[in-house]
Amino acid sequence: MRKFLVVLDDSRECLNAMRFAAMRAAHTGGGVTVLSVIPPDEFNHWIGVAEVMREEARERIHAHFEVFAKWMRDKQGVEPELAIREGDPVPQIIEHVQSDTEIGVLVLGAGTDKKGPGPLVTQLTRNSGSLPIPITIVPGDLSKEKLEEIT
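A few points on the structure. These numbers were taken from a predicted model, which means no experiment stands behind them.

### Details of the packing of helix H3 (residues 89-99) against helix H4 (residues 119-126)
Piece 1. Following both chains from N to C, one finds H3 and H4 inclined at 55°, their axes separated by 10 Å at the closest point. Between H3 and H4, the angle falls in the class oblique. Considering only the axes of H3 and H4, their crossing is right-handed. Within the contact between the two elements, H3 uses Pro89, Val90, Ile93 and Ile94 and H4 uses Leu120, Gln123 and Leu124.
Piece 2. For the contact of H3 with H4, the per-class residue count stands at six nonpolar, one polar and no charged.

Here it is in structure tokens:
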């Protein structure tokens, strides 16, 4: 089964990427893997404090994931899986793609502000020549109706 990999973060554009991945998976009989990466700079504290912060970050990720997962199950009939990694986001995304041979497409949401499409899109498109899968970039301001139309 081909899976769509989508990155869960706090960006606005993440929502369209999630929708696109779920809709494409539903239309093609594929699956969705939702990847969240906990940056290393969140834990530059004493060991005990770092462990508490790491657990809190995981709890936030699970809660955030459940919102998207419920929508995917209820509206698209897709049962997503969650993967959590720790480290710098771009290398972790690349490592995850390389470790799961069922992932066929990386889906990213592009930001809409004047600063550009966002750090993940910018960095991963620079590395796209070395990725074993294509990247789909979903415009951040794409309407839900248009998204449904193109998937």
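### Notes on the pairing of strand S2 (residues 31-38)
Moving residue by residue along a regular strand, the side chains alternate between the two faces of the sheet.
Piece 1. Taken across its eight residues, S2 has eight buried, putting it largely inside the fold.
Piece 2. Going residue by residue along S2, you find Gly31, Thr33, Leu35 and Val37 tucked away on one face and Val32, Val34, Ser36 and Ile38 tucked away on the opposite face as well.
Piece 3. Direction of pairing for strand S1 (residues 3-7) relative to S2: parallel, over a ladder of five bridges. In the strand pairing of S2, Phe4 is matched with Val32.
Piece 4. On the question of chirality, the crossover connecting S1 to the parallel S2 by way of helix H1 (residues 14-28) is right-handed.
Piece 5. Bridge analysis of S2 against strand S3 (residues 81-86) gives six bridges, and the strand direction is parallel. Looking across to S3, one finds that Thr33 is bridged to Glu81.

### Concerning the environment of Ala83
Piece 1. Along the chain, Ala83 turns up in strand S3.
Piece 2. Assessed through its relative accessible area of 13%, Ala83 is described here as buried.
Piece 3. Linking Ala83 and Glu149, residues 66 residues apart in sequence, is a C-alpha distance of 29 Å.
Piece 4. Setting aside residues up to four positions removed in sequence, Ala83 forms contacts with Thr33, Val34, Leu35, Ser36 and His96.

### A look at the sheet that holds strand S5 (residues 135-139)
Piece 1. Read across the sheet, five strands follow the order S3-S2-S1-S4-S5 without closing on themselves; strand pairing throughout is parallel. Pairing within the sheet leaves two strands with one partner each, and these edge strands are S3 and S5. Mean inter-strand twist for the sheet, computed between neighbouring axes without regard to direction, equals 30°.
Piece 2. Against the sheet, H4 touches S1, strand S4 (103-110) and S5, its axis set at about 135° to S4.

### Describing the environment of Thr33
Piece 1. Along the chain, the position of Thr33 falls in strand S2.
Piece 2. Each C-alpha atom of the pair Thr33 and Glu79 lies 9.1 Å from the other, and the pair is 46 residues apart in sequence.
Piece 3. In this structure Thr33 touches Lys3, Phe4, Leu5, Val6, Glu81, Ala83, His96 and Asp100, once residues within four positions along its chain are discounted.

### Re the pattern of salt bridges
Piece 1. In the structure shown here, the tally under the stated rule is nine salt bridges.
Piece 2. Residue Glu66 pairs with Arg73 through a salt bridge whose shortest N-O separation is 3.3 Å.
Piece 3. Note on Glu66: relative accessible area 39%, which makes it partly exposed.
Piece 4. Overall, the relative accessible area of 31% leaves Arg73 in the partly exposed class.
Piece 5. For Arg73, the salt bridge identified is with Glu79, shortest N-O distance 3.2 Å.
Piece 6. Salt bridges linked by common partners bring Lys3, Glu81, Asp100 and Glu102 together as one network.

Each value, and the rule that gives it
- Residues numbered from 1 in each chain as written.
- Predicted model: local features only at pLDDT ≥ 70, side-chain atom pairs only at ≥ 80, totals over all residues.
- Heavy atoms only, no water.
- Axes fitted to C-alpha atoms, helices over the stretch in contact; angles between N-to-C directions.
- Helix = DSSP H or I, 4+ residues; strand = E, 2+ residues; numbered from the N terminus.
- Parallel < 35°, antiparallel > 145°, perpendicular 65-115°, else oblique.
- Left-handed = near helix turned anticlockwise from the far one by under 90°.
- Contact = heavy atoms within 4.5 Å.
- Nonpolar A, V, L, I, M, F, W, Y, C, P; charged D, E, K, R; others polar.
- Buried < 20%, exposed > 50% of the residue type's maximum accessible area, 1.4 Å probe, protein only.
- Pairing = 2+ DSSP bridges.
- Right-handed = clockwise from strand over helix to strand, strands pointing away.
- Salt bridge = Lys/Arg side-chain N within 4 Å of Asp/Glu carboxyl O.

None of the figures reported here should be taken as evidence of function without further support.
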